[in-house]
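Coordinate analysis (summary)
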Amino acid sequence: MSSTIDTTSLATKDMKMLNGVLASSGYSGNITRSVTGELNVASKLIIRLFFQGIREPAHLAGALERNFGKPMRAPRSIHVTGLHRYATQGITPLKGRSIHGTPPSADDTSQH
């Protein structure tokens, strides 16, 4: 099998449909109308299946899922409500810090 696929024989509506199948299935890449255009593996698979007679978008999407599995979802992000950087380090901020005990005075010259 050749690694290049000729997409020049695809009609514009077919190109849009195949690009739509890729996008709806969660794959990146764009099917271009050039013989030398680099295509990802998912694009090559659905183009080959299209040329073999499979024309239904649901069938093409199913073939992508069978061959490659479901695409990974974007990782969930954790939204923080603006904690101060000291709070994340476990340090009490200076403003409003409560001091336990009495601080040493400047007059105290005794060494422990």
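Check the entry above for the structure.
What you see is a predicted model; the values in this text were computed from it and never measured. (Residues numbered from 1 in each chain as written. Predicted model: local features only at pLDDT ≥ 70, side-chain atom pairs only at ≥ 80, totals over all residues. Heavy atoms only, no water.)

Moving on to the packing of helix 1 (residues 12-24) against helix 3 (residues 57-68). Relative to each other, helix 1 and helix 3 sit at 45°, their axes nearing to 10 Å. It follows that helix 1 is oblique to helix 3 by the angle criterion. Judged by the twist between their axes, the crossing of helix 1 over helix 3 is right-handed. Residues Met17, Leu18, Val21 and Leu22 of helix 1 touch helix 3, and the partners they reach there are Pro57, Leu60, Ala61 and Leu64. For the contact of helix 1 with helix 3, the per-class residue count stands at eight nonpolar, no polar and no charged. (Axes fitted to C-alpha atoms, helices over the stretch in contact; angles between N-to-C directions. Helix = DSSP H or I, 4+ residues; strand = E, 2+ residues; numbered from the N terminus. Parallel < 35°, antiparallel > 145°, perpendicular 65-115°, else oblique. Left-handed = near helix turned anticlockwise from the far one by under 90°. Contact = heavy atoms within 4.5 Å. Nonpolar A, V, L, I, M, F, W, Y, C, P; charged D, E, K, R; others polar.)

Once that is clear, we can look at the environment of leucine 45. Relative to the helices and strands, leucine 45 resides in helix 2 (residues 41-51). Of the residues examined, leucine 45 reaches a relative accessible area of 19% and is grouped as buried. When the C-alpha atoms of leucine 45 and leucine 60 are compared, they prove to be 8.8 Å apart, with 15 residues separating the residues in sequence. Setting aside residues no more than four positions away along its own chain, leucine 45 makes contact with Ala63, Leu64, Asn67 and Phe68. (Buried < 20%, exposed > 50% of the residue type's maximum accessible area, 1.4 Å probe, protein only.)

Another aspect to go through is helix 3. Given a rise of 1.5 Å per residue, 12 residues ought to cover 16 Å, and the 16 Å separating the end C-alpha atoms of helix 3 matches this to within 8%. What helix 3 keeps buried is the set Leu60, Ala63 and Leu64. Seen end-on, helix 3 carries its buried residues on one side only, within an arc spanning 100°. Residues of helix 3 that are exposed and angled more than 90 degrees away from the buried face: Ala58 and Arg66. Those residues of helix 3 hidden inside the fold are in contact with helix 1 and helix 2. Just downstream of helix 3 lies glycine 69, where phi reads positive at about 80°. (Expected span 1.5 Å × (residues − 1). Arc of directions from axis to C-beta.)

A few words on helix 1. When the terminal C-alpha atoms of helix 1 are compared, their 18 Å separation across 13 residues agrees well with the 18 Å that a helix rising 1.5 Å per residue should span. Looking at the buried positions of helix 1, the neighbouring elements they touch are helix 2 and helix 3. Backbone geometry just after helix 1 places glycine 26 at a positive phi near 90°.

Mapped onto the elements, serine 25 comes out in the loop between helix 1 and helix 2. Polar contacts involving the side chain of serine 25 include one to the main-chain carbonyl oxygen of valine 21, which spans 2.9 Å. In contact with serine 25, other than residues within four places in its own chain, are Ala61, Leu64 and Pro71. (Polar contact = N/O pair within 3.5 Å; in protein donor to acceptor, adjacent residues only side chain to side chain.)

Read these as spatial facts, not as claims about activity.
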